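# Structure at a glance
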Amino acid sequence: MNELAKSKFFIAPSILSADFACLGNEIQSVIAAGADWIHFDVMDNHYVPNLTLGPMVCAALKPYATVPIDVHLMVEPVDEMISRFASAGADIITFHPEATRHIDRSLSLIKEAGCQAGLVLNPATPVYILEHVLAKLDVVLIMSVNPGFGGQTFIPECLNKIRLVRQMIDRYVGEGGQTIRLEVDGGVKVDNIAQIARAGADTFVAGSAIFGKKDYAQQITAMRQQLDLS
Ligand code: DX5
Ligand code: ZN
């Protein structure tokens, strides 16, 4: 395993599977249970066929989030939502390259707003889209399901993509580039997280695997035990 992945694994519970009637409490509970980031899924019923949370909800939840808020934009167009979520307290903002006309410009907007920036690759999106913007990336988010819904099954082919992106990042860092986290989203569970880590991921989004269970700490601890063994 490479040095970056060894140094620290992050677990980012997705509040998409939390109880929407009490999101503030849910965020406090999952942070107490050991969450490193709060993953915040933004869906617009246009880029993806579902409708979730907007910047007003992010701003309302910000006081509860004592760890970074990881905003995953599944919206089209992208740019207007960048400034709105940056103002609402987002710490990390990622978007899908298919959803914006000018990828480099959208990444610059995120950085200029003072947030960490990332691109999200759908299962069928090729990795070469990262090549010329690596210097602007803090995160690459690999979707291991098609975006739009929680509770889907991990697509095994994504492991190959994780390996490819891990090689790309390691080569880039080896040549003096900044650190880039490799995050995976969709179908991550206690029983496959070690395999995903071995492929090269260091940051793990999990929605239903954590919020679908009663004891969040037990789930996060079980994930970390698997990561320690990976
Ligand atoms: C799907 C979202 C995911 C989702 C993951 O489009 O981006 O973050 O919440 O849910 P699980 O972990 O249940 O697959
Ligand atoms: Zn997500």
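Residues numbered from 1 in each chain as written. Chains lettered and ligands numbered in written order. Predicted model: local features only at pLDDT ≥ 70, side-chain atom pairs only at ≥ 80, totals over all residues. Heavy atoms only, no water.

This part covers the overall build of the chain. Within the chain, the secondary structure is distributed over 9 helices and 8 strands. For a compact globule of 230 residues, the expected C-alpha radius of gyration is about 17 Å, and the chain comes in at 16 Å, within 12% of that figure. Taking the principal axes of its C-alpha atoms as reference, the chain extends roughly 45 × 40 × 30 Å. Buried positions account for 55% of the 230 residues belonging to the chain. Sequence-distant contacts, at least 24 apart, represent 65% of the contacts inside the chain between residues at least 6 apart. (Helix = DSSP H or I, 4+ residues; strand = E, 2+ residues; numbered from the N terminus. Rg over C-alpha atoms; globule rule 2.2 N^0.38 Å. Buried < 20%, exposed > 50% of the residue type's maximum accessible area, 1.4 Å probe, protein only. Contact = heavy atoms within 4.5 Å.)

Every protein donor of the zinc ion (ligand 2) is listed here as H39 (NE2), D41 (OD), H72 (ND1) and D185 (OD), and their distances to the metal cover 2.1 to 2.2 Å. If you look at the zinc ion (ligand 2), its 6 donor atoms make angles of 70 to 171 degrees with each other, and the shape they trace is octahedral. By relative accessible area, H72 is classed as buried at 0%. (Donors = N, O, S within 2.8 Å, 3.2 Å for Na, K, Ca; no water. Tetrahedral: all angles 85-135°; square planar, octahedral: opposite > 155°, others 65-115°.)

Quick look at unusual backbone geometry now. Omega for the bond connecting E76 with P77 falls within 30 degrees of zero, at 0 degrees, which places this linkage in the cis form. Counting through the fold element by element, P77 comes out in the loop between β3 (69–74) and α4 (79–87). Backbone geometry at N45 places phi at a positive 55 degrees, although glycine is not the residue there. Secondary-structure assignment places N45 in the loop between β2 (38–43) and α3 (55–61).

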